[in-house]
Amino acid sequence: AFDRESSMERNALRNRAFGALLCGICTTFGLNVVSPSNAAQIAASIEYDFVARPTGLSSDFEPPSGTSLEFLAIKAIDGFQVDAALWQPSGKQSVDTTLIVMVHGSGGSYRRAPESALGPRLATKGYASLAINTRQHDERINTDNFLDVRRDIDAAVQVGRALGYKTLVLQGHSLGNIQVQFYAATNWDHDIKAVMLLGAFGNLPWKSRNILVQNEERFQELIEASMKSLRDGTLDQTLPVKMRFSTPVSSAAQDSPITGQHFLTYRWEKTSIADGTFWIHRIPYPILLVRDQSDAATAPFEPYMLLSAAHSEGSLATKIDFVLLSDAKPVSLKGHYFDGNEQPLTDVITKWLTDLHL
């Protein structure tokens, strides 16, 4: 374990001591120096530290031969701590290796599939992976502001660059797919070479209202409660109305706590920007879509909504491919996480990246 505040304090003390020493040397030799009070100041920063291995990890986190695994604590530009796992192939320099930045789905984390399963498998194929926990991981599900998650992704991208990686690929699973789409469409960085979307939905606001909630009276209550939270300045607090989720494999809908900021930025079409059909044709990179045939969370027609949008007039996507992974198992939520299909998923990804010379 480490004490990040103590580490930061030690760094600050070293910097001040070095500055004082430098000023003293320059004064001794009659050189003009800029005083610290006139020097440029840092308004915000992204910081990272390598940390001890967390407890309670699954067997996915036993590095195969020829790979390594490290863990990081990253401070995003607004101060939120992004925990991450970094898988790397042994014997390769960062500058010669493609880094895949992985973003999990709703209430997920880097500890869960598909990220936990892909990290070690991709490392054996020569790819590095930086899988992060965004600010909607685990118990923070349905609480975040969609617009804030880009800071988590950006922090991971900047750390990847600081570690020496020159070739980046963005990967988003489930809810993470729209977060990655938004980032890719609004960051035309030259070192980002491709985007991969796993278990991707089409239009989340439409899906939330018509497939997940399926209750107009309840949806109107959510709208009213969210707008009240906006007026009251309590957007980050749980609403008195829960959001109903219906799935094809559940006989009864499940109610979930939700905040006003999550509902307004993800779920209501009047205010949300979490619509993949809007963003996908604004992504100026090659795009890969992969869906498991037994996926219960993503409907079979949703990838085709994205494909259609990516092929529409004015699309910036340089290439888009859709792969439906065969799966004879019954439709279930396990299929959404590619359970039992981990190696075929890895093979699809590595072949696609190889074809792009990445």
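Keep in mind that this is a model prediction, so the values were computed, not measured. (Residues numbered from 1 in each chain as written. Predicted model: local features only at pLDDT ≥ 70, side-chain atom pairs only at ≥ 80, totals over all residues. Heavy atoms only, no water.)

**Student:** Would you mind showing me how to read the packing of helix α5 (residues 204-213) against helix α6 (residues 216-232) here?
**Tutor:** Helix packing for two helices is described by the angle between their axes and how far apart those axes are. Where α5 meets α6, the closest approach of the two axes is 10 Å, and the angle between their N-to-C directions is 140 degrees. Classified by the angle their axes make, α5 and α6 are oblique. When you trace α5 past α6, the crossing you get is right-handed. Across the interface between the two elements, Ser208, Arg209 and Val213 of α5 pack against Glu216, Arg218, Phe219, Gln220 and Ile223 of α6. In the contact of α5 with α6, the residues fall into 3 nonpolar, 2 polar and 3 charged. (Axes fitted to C-alpha atoms, helices over the stretch in contact; angles between N-to-C directions. Helix = DSSP H or I, 4+ residues; strand = E, 2+ residues; numbered from the N terminus. Parallel < 35°, antiparallel > 145°, perpendicular 65-115°, else oblique. Left-handed = near helix turned anticlockwise from the far one by under 90°. Contact = heavy atoms within 4.5 Å. Nonpolar A, V, L, I, M, F, W, Y, C, P; charged D, E, K, R; others polar.)

**Student:** How should the pairing of strand β10 (residues 286-292) be read in this particular structure?
**Tutor:** Within a regular beta strand, the side chains point alternately toward one face of the sheet and then the other, so they alternate between its two faces. Summarising burial for β10: 7 of the 7 residues are buried, a large majority. Residues of β10 alternate between two faces, with Pro286, Leu288, Val290 and Asp292 on one and Ile287, Leu289 and Arg291 on the opposite face, all of them buried. Two elements, strand β7 (residues 192-198) and β10, share 4 bridges in a ladder whose sense is parallel. For Leu197, the partnering residue across the bridge sits in β10 and is Leu289. In the sheet, β10 pairs with strand β11 (residues 319-325) via 7 bridges, with the strands oriented parallel. By the bridge assignment, Asp292 is partnered in β11 with Leu325. Handedness of the crossover is the feature at issue here: the chain leaves β10, passes through helix α9 (residues 302-310), returns alongside β11, and the resulting connection is right-handed. (Buried < 20%, exposed > 50% of the residue type's maximum accessible area, 1.4 Å probe, protein only. Pairing = 2+ DSSP bridges. Right-handed = clockwise from strand over helix to strand, strands pointing away.)

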